[in-house]
Amino acid sequence: MLSIDPASMSERENYKFLIGSIIPRPIAFVTSISKDGVLNGAPFSYFNIVSSNPPMISLSIQRSAGGQKDTARNITESKQFVVHMVDEHNVEKINKTAANLPPNQSEIELADLTSVDSVKISVPGVKEAKIRMECVLEHSLELGGLDSPGCDLMIGRVVHFHIENDIYENGRINPRGLAAVSRLAGNNYAKIGEVFEIERPK
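Since we're looking at a predicted model, the values are computed, not measured.

Cut-off values and rules
Residues numbered from 1 in each chain as written. Predicted model: local features only at pLDDT ≥ 70, side-chain atom pairs only at ≥ 80, totals over all residues. Heavy atoms only, no water. Pairing = 2+ DSSP bridges. Helix = DSSP H or I, 4+ residues; strand = E, 2+ residues; numbered from the N terminus. Buried < 20%, exposed > 50% of the residue type's maximum accessible area, 1.4 Å probe, protein only. Contact = heavy atoms within 4.5 Å. Polar contact = N/O pair within 3.5 Å; in protein donor to acceptor, adjacent residues only side chain to side chain. Phe/Tyr/Trp six-rings, centres within 6.5 Å; stacked < 30°, edge-to-face > 60°. Lys NZ or Arg CZ within 6 Å of the ring centre and 35° of its normal. Axes fitted to C-alpha atoms, helices over the stretch in contact; angles between N-to-C directions.

### With respect to the sheet that holds strand 14 (residues 189-190)
No. 1: With respect to topology, three strands assemble into an open sheet ordered 1-13-14, the strand pairing being antiparallel. At either end of the open sheet lies a strand with only one pairing partner, and these are strand 1 (25-26) and strand 14.
No. 2: The pairing of strand 13 (residues 182-183) with strand 14 spans two bridges and is classified as antiparallel. Counterpart to S182 in the pairing with strand 14 is A190.

### Remarks on unusual backbone geometry
No. 1: A cis amide bond, omega -10°, links I23 with the succeeding residue P24.
No. 2: Relative to the assigned elements, P24 resides in the loop between helix 1 (11-21) and strand 1.
No. 3: Geometrically, the link from N53 to P54 is a cis peptide bond, its omega value of 0° lying close to zero.
No. 4: On the secondary structure map, P54 appears in the loop between strand 4 (47-52) and strand 5 (55-62).
No. 5: Even without being a glycine, K79 presents a positive backbone phi close to 65°.
No. 6: Here K79 shows up in the loop between helix 2 (70-78) and strand 6 (80-85).
No. 7: We classify K79 as partly exposed; its relative accessible area is 43%.

### Points about the environment of P124
No. 1: You can see P124 is positioned in the loop between strand 7 (115-116) and strand 8 (125-126).
No. 2: A C-alpha to C-alpha distance of 25 Å links P124 and N53, two positions 71 residues apart in sequence.
No. 3: Once residues within four sequence positions are removed from consideration, P124 is found in contact with T31, I33, L39, V82, S115, V116 and S118.

### Some points on the side chain of S106
No. 1: Position of S106 relative to the elements: it lies in the loop between helix 3 (91-96) and helix 4 (107-110).
No. 2: A polar contact is formed between the side chain of S106 and the backbone oxygen of L39, at a distance of 2.7 Å.
No. 3: For S106, the contacting residues outside a window of four places in its chain are V38, L39 and L101.

### Some details on the packing of aromatic side chains
Remark: the centre distance and the inter-plane angle together describe each pair of aromatic rings, the angle taken between the planes.
No. 1: Across all of its chains, the model carries zero aromatic pairs by this definition.
No. 2: For the cation-ring pair, R183 lies above Y189, with the distance from its terminal atom to the ring centre recorded as 4.7 Å.

### Re the sheet that holds strand 4
Adjacent strands of a sheet form backbone hydrogen bonds with each other and so pair up, either parallel or antiparallel.
No. 1: Read from one edge of the open sheet, seven strands run 3-2-6-9-10-5-4, paired in antiparallel fashion. Of all the strands in the sheet, the pair left with one neighbour each is strand 3 (39-44) and strand 4. Averaged over all neighbouring strand pairs, the angle between strand axes comes to 35°, with direction disregarded.
No. 2: Direction of pairing for strand 5 relative to strand 10 (residues 151-163): antiparallel, over a ladder of seven bridges. Within strand 10, the position partnered with S60 by the bridge is L153.

### Focus: the pairing of strand 6
No. 1: The buried count for strand 6 comes to six of six residues, which makes it a mostly enclosed element.
No. 2: Both faces of strand 6 are covered, namely the face carrying Q80, V82 and H84 and the face carrying F81, V83 and M85.
No. 3: Here strand 2 (residues 28-33) pairs with strand 6 via four bridges, running antiparallel. Bridge pairing in strand 6 links T31 to V82.
No. 4: Sheet analysis places strand 6 next to strand 9 (residues 131-143), joined by five bridges and oriented antiparallel. The residue bridging Q80 from the neighbouring strand is V136, located in strand 9.

Below, the structure is given as structure tokens:
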């Protein structure tokens, strides 16, 4: 087995180890609004649950050349954002939003997504997602980097859920109906494959 000290590796080499090892990763499609009123949308796979009481999620947004990405800057300024689950039906459109656009251009328009008003926050979501979560910023941390922060870790508290009727059954979300896709390494994604059950010990 290889034994490697990450301090001896470049950032890119560590990145490849991490994204190739920690799989599959759920994908959050995040909408946010700039101070100029531009609706921004971007996908992130450094994303997961933090807590269910209260419901909170984490979103790690890697910096580019030391600078905050539009999503991180917008969330820091407005304290609001919407997280959508990426699925088999919307992944092609969501992938288009990963393009590098100037801050005054909306990825939502580029990908031909449909904005929809939120209930409790001012940031709209998009209609094409089967699940979306309206979030307010609970905590924001600058992490990593030797000379300057390498990422912005956002902890969002979910203040409203939107779930498509057809996938919500008996208080549970049907994973097949959601058909969420996950991120692997490179240009690779994965669908939900075989589902198996193991009973947890008492």
